[in-house]
Amino acid sequence: MGYKVAFQSLGCAKNLVNTEQMMALCREAGHTVTGEVEGADVAVLNTCGFIESAKSEAIDAILELGALKQAGKLKKLLVAGCLSQRYPDEIRADLPEVDGLLGTGSYTDVVSAVEELMAGERPEHFGEIAQAYDDGERWVTTPPWTAYLKIAEGCSNGCAFCIIPKLRGRYRSRSMAALLAEAKGLADSGVKELIVIAQDITRYGLDLKDGSTLAGLLTELCKLDFHWIRLHYLYPEAVTDELIGVIAREKKIVHYLDIPIQHANDGILKAMRRRSTKAEIEALFAKLRAAMPDVVIRTSLICGLPGEGEAEFEELCEFLRAQKLQRAGVFQFSPEEGTLAAAMDNQVDPDIAERRVELVVDLQSRIMDEYNEQRLGTCMEVLCEGFDAEAGCYAGRTYADSVDIDGRVLFTAAGLVPAGEFVWVRITGVSDGDLTGEIEDGGKEERE
Ligand code: SF4
């Protein structure tokens, strides 16, 4: 008996890949998979739960789905992912809307959970979170020209503020063979932009002890029919010269590197249990810029870690003014129970931490505007992502813009530009973090 199963995915791209795997498993089992919750038999909500804001978003989504159940527009609600893994007791006690739970070690139990729900049971599956990564099929939900490739699960870095290792287990790389087979499938299906992700991609292969490395994996991926290969979540200390060499040499690997540093004051970095000093981070960025003058660096920053005083914060701001990192995600420290940092002395007043986030966001948006100004008049390759009716023109991204987190290029063209096509655009304007431009006929040999 096939059921109608709707999926909603919260949190990061790594969680999205798990959702895509659950969708494929349900389809293989003969159930009807849909994005439409109303009228579904079961809604599967794959949650995030690593910081306060993510937890609230998940709870809001559960209450919304609960209201649909109340209104008779949904039969059952299955909550999967990090919130389930972290708070099964609280969900059982406080969220009666939830009919079943799947932990982060049990995505592959989704079919039995759905069928148990429809049989009137209240299933809970909490498998071992450190088990080998499942190389299962995926129902790719990103646009047909872009797809994520998740190369490992879990994390063993043990940053003091982070609960992820407790939710996702120790670091487990996928085999090179499984990754290349999946990547070939994506390339054959028309994917042009491959986005390589994990909690930390730089550690890829070390746990396999078979000589696999990220540099080796990328060299093989570049032999496949992708146009762009984009890298997210590079741990600074593990960016080797060999890796920099491959990124600089291989044309398909875009010079856009997401390298979370979290802070720039040595005392705070030490308290965070990060393994890089400010000087080492500066040296790495200088090396990257020497190897790739057009490199765009994205990072993640935390303001308000315990012990962060005005001097430490000012040092971070000074570092950012000097480094001009073109992209940054800025987070307020969230004292997550079960982490070392939550138990630290010298907790920072949340209002002060919030104020610091605002200051860094301002600082970074000025840097981003400056970078966008520098692109005026240049001709850039753009991945067209379709016609934006609201903007009245085409929209796309350059190598410097990743999916969902960076700006866009809004451009005009005389003729029809198919979505998924790469075109050259003369940049003529900047507005609100986006660029504007006109298509350049005939293209341009080399990247500007
Ligand atoms: S690298 Fe640090 S912040 Fe990132 S997932 Fe691992 S422990 Fe968490």
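Residues numbered from 1 in each chain as written. Predicted model: local features only at pLDDT ≥ 70, side-chain atom pairs only at ≥ 80, totals over all residues. Heavy atoms only, no water.

1. Description of the nonpolar core
1) Next: Ile151, Leu218, Leu221, Ile229, Leu231 and Phe285 are the most contacted members of the largest nonpolar core, which totals 58 residues.
2) Next: Residues contacting isoleucine 229, with those up to four places away along its chain left out, are Leu194, Val196, Leu218, Leu221, Cys222, Lys252, Ile253 and Val254.
3) Next: Grouped together as the second largest cluster of nonpolar side chains are 21 residues, Trp145, Met380, Tyr399 and Phe422 included. (Core = buried A, V, L, I, M, F, W, Y, C linked by side-chain atoms within 4.5 Å. Buried < 20%, exposed > 50% of the residue type's maximum accessible area, 1.4 Å probe, protein only. Contact = heavy atoms within 4.5 Å.)

2. Regarding the sheet that holds strand S6 (residues 124-125)
1) Next: Strand order in the open sheet formed by six strands is S2-S1-S3-S4-S5-S6, and the pairing between neighbours is parallel. Every other strand in the sheet has two partners, leaving strand S2 (32-34) and S6 as the edge strands with one partner each.
2) Next: Taken together, the three bridges between strand S1 (residues 4-9) and S2 define a ladder with parallel strand orientation. Following the sheet pairing, alanine 6 is matched in S2 by threonine 34.
3) Next: The strands that helix H1 (residues 13-28) touches are S1, S2, strand S3 (40-47), strand S4 (74-81) and strand S5 (100-102); relative to S1, the one it contacts most, it runs at about 175 degrees. (Pairing = 2+ DSSP bridges. Helix = DSSP H or I, 4+ residues; strand = E, 2+ residues; numbered from the N terminus. Axes fitted to C-alpha atoms, helices over the stretch in contact; angles between N-to-C directions.)

3. Some thoughts on the packing of aromatic side chains
1) Next: Inspection of every chain in the model, using the stated rule, returns three aromatic pairs.
2) Next: Between the aromatic rings of tryptophan 228 and phenylalanine 422, the centroid separation amounts to 4.9 Å while the plane-to-plane angle is 75 degrees, which identifies the pairing as edge-to-face. Of this pair, tryptophan 228 sits in strand S11 (residues 228-231) while phenylalanine 422 is found in strand S18 (residues 422-431), placing the two residues 194 residues apart along the sequence.
3) Next: On the basis of relative accessible area, tryptophan 228 is assigned to the buried category, the value being 1%.
4) Next: Overall, phenylalanine 422 belongs to the buried group, its relative accessible area being 19%.
5) Next: Judged by centre distance (5.2 Å) and plane angle (90 degrees), the ring pair of phenylalanine 387 and tyrosine 394 falls under edge-to-face.
6) Next: Given the relative accessible area of 8%, tyrosine 394 is considered buried.
7) Next: Members of the aromatic cluster, each reached through a chain of ring pairs, are Phe387, Tyr394 and Phe411.
8) Next: Note that lysine 14 overlies the ring of tyrosine 233, its terminal NZ or CZ placed 3.6 Å from the centroid. (Phe/Tyr/Trp six-rings, centres within 6.5 Å; stacked < 30°, edge-to-face > 60°. Lys NZ or Arg CZ within 6 Å of the ring centre and 35° of its normal.)

4. Details of the side chain of arginine 397
1) Next: Counting through the fold element by element, arginine 397 comes out in strand S16 (residues 393-397).
2) Next: On the basis of relative accessibility, which here comes to 2%, the residue arginine 397 falls in the buried class.
3) Next: Within the structure, the side chain of arginine 397 is placed 2.5 Å from the side chain of glutamate 193, a separation counted as a polar contact.
4) Next: When neighbours within four sequence positions are excluded, arginine 397 is seen to be in contact with Thr146, Glu193, Trp228, Arg230, Glu381, Val382, Leu383, Glu385, Ser402, Val403 and Gly407. (Polar contact = N/O pair within 3.5 Å; in protein donor to acceptor, adjacent residues only side chain to side chain.)

5. Here we look at the pattern of salt bridges
1) Next: For the structure on display, the rule yields 38 salt bridges.
2) Next: Across the pair glutamate 237 and arginine 203 runs a salt bridge whose closest N-O atoms are separated by 3.2 Å. Taken together, the positions of glutamate 237 in the loop between S11 and helix H9 (241-249) and arginine 203 in the loop between strand S10 (193-197) and helix H8 (214-221) put the pair 34 residues apart, joining distant regions of the chain.
3) Next: For glutamate 237, a relative accessible area of 39% corresponds to the partly exposed category.
4) Next: A relative accessible area of 17% means that arginine 203 is categorised as buried.
5) Next: Across the pair arginine 327 and aspartate 406 runs a salt bridge, and its minimum N-O distance is 3.7 Å. Here the residue arginine 327 occupies a position in strand S14 (residues 327-332), and aspartate 406 occupies one in the loop between S16 and strand S17 (409-412), the gap between them amounting to 79 residues. The burial state of arginine 327 is the same as that of aspartate 406; both residues are buried.
6) Next: Here the residues in one salt-bridge network are Glu52, Lys55, Arg86, Glu336 and Glu337, joined through shared partners. (Salt bridge = Lys/Arg side-chain N within 4 Å of Asp/Glu carboxyl O.)

6. Notes on the domain arrangement of the protein
1) Next: On domain assignment, one finds that the protein holds domain 1 (4-128), domain 2 (146-373) and domain 3 (376-447).
2) Next: Relative placement of domain 1 and domain 2: their C-alpha centres are 29 Å apart.
3) Next: Tallying the contact residues gives 18 residues for domain 1 and 15 residues for domain 2.
4) Next: Each partner contributes to the roughly 1,400 Å² buried at the junction of domain 1 and domain 2, and carbon and sulfur atoms together form 59% of this total.
5) Next: Looking only at domain 1, the three residues that lose the most surface to domain 2 are Lys14, Phe50 and Arg86, adding up to 42% of its buried area.
6) Next: Connecting domain 1 to domain 2 are three salt bridges.
7) Next: As a salt-bridge pair, lysine 55 and glutamate 336 come within 2.9 Å of each other at their nearest N and O atoms.
8) Next: Counting across the domain 1 and domain 2 interface gives 13 residue pairs in polar contact (both at pLDDT 80 or more).
9) Next: If you list the elements that add at least two residues to the side of domain 1 that touches domain 2, you get H1, helix H2 (52-70) and helix H3 (82-86).
10) Next: Of the residues contributing to the side of domain 1 that touches domain 2, the split by class is nine nonpolar, five polar and four charged. (Domains from an automatic or database assignment. Buried area = accessible area lost by both parts, 1.4 Å probe. Nonpolar A, V, L, I, M, F, W, Y, C, P; charged D, E, K, R; others polar.)

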